[in-house]
Amino acid sequence: MLTIALPKGRIAEQTLEIFAEIFGGEFRFEGRELILDMGEFRFLNVRNQDVPTYVEYGSADIGVVGLDVITEKELDIIKLLDMRLGRCKVSIGIKNEDELDWSKPNIKVATKMVNITRDYFAHKAVGVDIIKLYGSIELAPLVGLADAIVDIVETGSTMRENGLKVAEDIMDSSAHLIANKNSYYAKKDEILALYEKIKTVVESRDS
Ligand code: PRP
């Protein structure tokens, strides 16, 4: 039996489609149910940010979560496979009429991704004041809360529709299959067998 934590929404649906393709049958959370039992698999429907928590504590053996979240949370887990779903970038955004002035001391940056932001600016040896927000990050420069933002860019429409532009890309992200370390050793055969099957589907789709 393998327990798999999935991030609510499109990535969960697309991952369940991969399982349906491999094993046949209908893999779908019914209504507001948070657990789906299908044969030897139990799926958990959790918030994106919470997937690593379930996996790290071992309540889920494996999970699917964005590389941005893995990087931000500095997780002690095993990264198994790039599922090539939910591709996006983590980027620095500024107002269309602005330029990012790296010589300015303590640039004010609003973000959900505090660690990624701190590391990126530290790497450039630039001082930064990080303002932690939980959503609608694009608003911050528009009302003078911050000079810039660090946020996820997928289609680019949120920035565009709010008069922002990308100043620099920090990293590429996509959903990855991760495993709890203990589970990986205790259930290695099961996990690797599943990994191989998912990898075959993912690679066949992309080629
Ligand atoms: C995410 C992200 C951006 C937006 C990017 O926000 O934080 O705001 O999507 O997507 P786009 O480039 O396709 O426009 P989300 O919808 O998760 O809401 P949030 O801002 O409340 O986190």
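Just above, that's the structure.
A quick note: this is a predicted structure, and the numbers were derived from the prediction, not measured. (Residues numbered from 1 in each chain as written. Predicted model: local features only at pLDDT ≥ 70, side-chain atom pairs only at ≥ 80, totals over all residues. Heavy atoms only, no water.)

### Focus: a nonpolar patch on the surface
A contiguous nonpolar surface patch, about 340 Å² in accessible area, is contributed by Leu139, Leu142, Val143 and Leu145. Looking at the secondary structure, you find Leu139 in helix 5 (residues 139–142). Judged by its relative accessible area of 48%, Leu139 is partly exposed. (Patch = residues over 30% accessible without salt bridge, like charges linked within 9 Å, V, L, I, M, F, W, Y side chains within 5 Å. Areas by Shrake-Rupley, 256 points an atom, 1.4 Å probe, with all protein chains shown as cover. Salt bridge = Lys/Arg side-chain N within 4 Å of Asp/Glu carboxyl O. Helix = DSSP H or I, 4+ residues; strand = E, 2+ residues; numbered from the N terminus. Buried < 20%, exposed > 50% of the residue type's maximum accessible area, 1.4 Å probe, protein only.)

### A closer look at the pattern of salt bridges
Inspection of every chain in the model, using the stated rule, returns 12 salt bridges. For Arg42, the salt bridge is made with Asp37, and the minimal N-O distance between the two is 2.7 Å. With a relative accessible area of 29%, Arg42 lands in the partly exposed category. Note that Lys199 is salt-bridged to Glu203, the shortest N-O span being 3.8 Å.

### Focus: the site of the ligand
Looking at the ligand, the residues that line it are Lys112, Gly135, Ser136, Glu138, Asp151, Ile152, Val153, Glu154, Thr155, Gly156, Ser157 and Thr158. Take Glu138: an N or O atom from its side chain is 2.7 Å from an oxygen atom of the ligand. With the chains in place, 65% of the 500 Å² that the ligand exposes on its own is no longer accessible. Cavity membership is defined here by more than half of the atoms lying within 2 Å of grid points; on that basis the ligand lies in the largest pocket. Mapped by element, the contributors of at least two residues to the shell around the ligand are strand 9 (148–153) and helix 6 (157–161). At 3 residues, the largest contribution of residues to the shell around the ligand is made by strand 9. Along the lines of polarity and charge, the residues of the shell around the ligand split into 2 nonpolar, 6 polar and 4 charged. (Near = heavy atom within 4 Å. Polar contact = N/O pair within 3.5 Å; in protein donor to acceptor, adjacent residues only side chain to side chain. 1 Å grid on protein atoms, 1.4 Å probe; cavity = no way out; pocket = protein on both sides within 12 Å on 5 of 7 lines; lining within 4 Å. Sits in = over half its atoms within 2 Å of the grid points. Nonpolar A, V, L, I, M, F, W, Y, C, P; charged D, E, K, R; others polar.)

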